[in-house]
Amino acid sequence: MEALYTEIYDAQLRAALPHFNNYPELLPHIGKYWNESPYKILLIAESHYIDYFNKDKGAISEAHSKDWYNHKSSDFLWKSYLDSINTRENVKSAELEKYKSSYLHYYNMKKEIKSNLPEFKDAELIYPYLSYYNYFQRPAYKDGSSIDNNHKDDEIAYTTISFIYKIIKPNRIIFTSNKSFNSFINSRDKLEEKYLFPINQLVYSVPHPGSAWWNRRSMNYGKNPATNKNRTGRERFIDIITNRI
């Protein structure tokens, strides 16, 4: 299958963000047709996951786990785990509808994009027109748990989004993880860069599309203008991509 992403920004990303040289698997998925896309939407999730605590098949050593950014993906003890942190391969698997339970968040977003944006109604594949990556540049080490992020994780994550934004110039940035969004906001405010990333103008947040909150109403998601009821996470996502928010 033809690649769904473009590599034209890779040299800039690697030059600006050295950890992409250590972990090329973490390079963001930037859609093959990004420059032609009518909707330059950057979707941001939380983190990848690797198994560190498995005594027999742990992906990385203890030294690697404690000093992630000064190691490389070539240091993995079990190379099979490299697939799990490969953002572009994850997007490809989702587009091909493999492992549906693992990629439910991709499908739920894809469903609403196809249903609500006329340009994508008949498109078999939509991720060639979108960009996607995980905010934290270190994976979680415990299955089913969020990353236990520290100051270094937050700092590198914010530096990463800053350069990705400058390089690919998205029109909308949508966080699909509260933990990622909160870390981003804290870093942005500490650096006094509200002007660079205005909320509900450039940057938006929605609940994880694979969680119960995707279909649950909450005052945190604002009011549905048609019904004046609290929106679900899904309705908030629709209003963001259709520019009704």
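Residues numbered from 1 in each chain as written. Predicted model: local features only at pLDDT ≥ 70, side-chain atom pairs only at ≥ 80, totals over all residues. Heavy atoms only, no water.

Undergrad: How do you make sense of unusual backbone geometry when you look at a structure like this?
TA: The phi torsion of most residues other than glycine is negative, and most of the peptide bonds are trans. The backbone of Lys169 shows a phi angle near 55 degrees, a positive value even though the residue is not glycine. Structurally, Lys169 is set in the loop between helix H6 (151-168) and strand E4 (172-175). For Lys169, a relative accessible area of 53% translates into the label exposed. Positioned with a positive phi, Asn228 is a non-glycine residue whose angle comes to about 65 degrees. Mapped onto the elements of the fold, Asn228 is located in the loop between strand E5 (203-205) and helix H8 (233-241). When its relative accessible area of 56% is taken as the criterion, Asn228 is described as exposed. (Helix = DSSP H or I, 4+ residues; strand = E, 2+ residues; numbered from the N terminus. Buried < 20%, exposed > 50% of the residue type's maximum accessible area, 1.4 Å probe, protein only.)

Undergrad: Looking at this structure, how should I read empty space enclosed by the protein?
TA: To find the voids left in a structure, one rolls a probe of water-molecule size over its atoms. Overall, the coordinates contain 1 cavity of 30 Å³ or more when judged by the stated rule. Considering only enclosed or pocket space, the largest cavity measures out at about 30 Å³ in volume. Leu26, His48, Thr87, Tyr133, Asn134, Phe136 and Gln137 are the residues that line the largest cavity. Here the lining of the largest cavity is built from residues that sort into 3 nonpolar, 4 polar and no charged. (1 Å grid on protein atoms, 1.4 Å probe; cavity = no way out; pocket = protein on both sides within 12 Å on 5 of 7 lines; lining within 4 Å. Points joined across faces, edges and corners; volume = space filled by probe spheres on them. Nonpolar A, V, L, I, M, F, W, Y, C, P; charged D, E, K, R; others polar.)

Undergrad: I keep staring at the sheet that holds E5 and nothing clicks. Help me out?
TA: Adjacent strands of a sheet form backbone hydrogen bonds with each other and so pair up, either parallel or antiparallel. The mixed open sheet is built from 5 strands, whose spatial order is E1-E3-E2-E4-E5. The open sheet has two edge strands with one neighbour each: strand E1 (29-30) and E5. Here strand E2 (residues 41-45) runs beside E4; their pairing, made up of 4 bridges, is parallel. What sits directly across from Ile41, in E4, is Arg172. (Pairing = 2+ DSSP bridges.)

Undergrad: Just checking my understanding: could you explain the packing of aromatic side chains for this structure?
TA: In this description, a pair of aromatic rings is defined by centroid distance and the angle of the planes. Under the criterion given, the structure shown has 19 aromatic pairs. Judged by centre distance (6.2 Å) and plane angle (65 degrees), the ring pair of Trp68 and Phe76 falls under edge-to-face. Here the aromatic residues Tyr135, Phe136, Tyr158, Tyr165, Phe175, Phe181, Phe184 and Phe197 are joined through ring pairs into a cluster of three or more. (Phe/Tyr/Trp six-rings, centres within 6.5 Å; stacked < 30°, edge-to-face > 60°.)

Undergrad: Honestly, helix H7 (residues 178-190) in this entry has me stumped. Any pointers?
TA: Three- or four-residue spacings in an α-helix give side chains the same orientation, since the helix completes a turn every 3.6 residues. The end-to-end C-alpha distance of H7, which contains 13 residues, comes to 18 Å, matching closely the 18 Å that a straight helix rising 1.5 Å per residue would cover. Of the residues making up H7, those classed as buried are Ser180, Phe181, Ser183, Phe184, Ile185, Ser187 and Arg188. Among the residues of H7, the N-terminal cap falls to Ser177, whose side-chain oxygen and the backbone nitrogen of Lys179 are separated by 3.4 Å. Just downstream of H7, Glu192 is the residue with a positive phi angle, here 55 degrees. (Expected span 1.5 Å × (residues − 1). Polar contact = N/O pair within 3.5 Å; in protein donor to acceptor, adjacent residues only side chain to side chain.)

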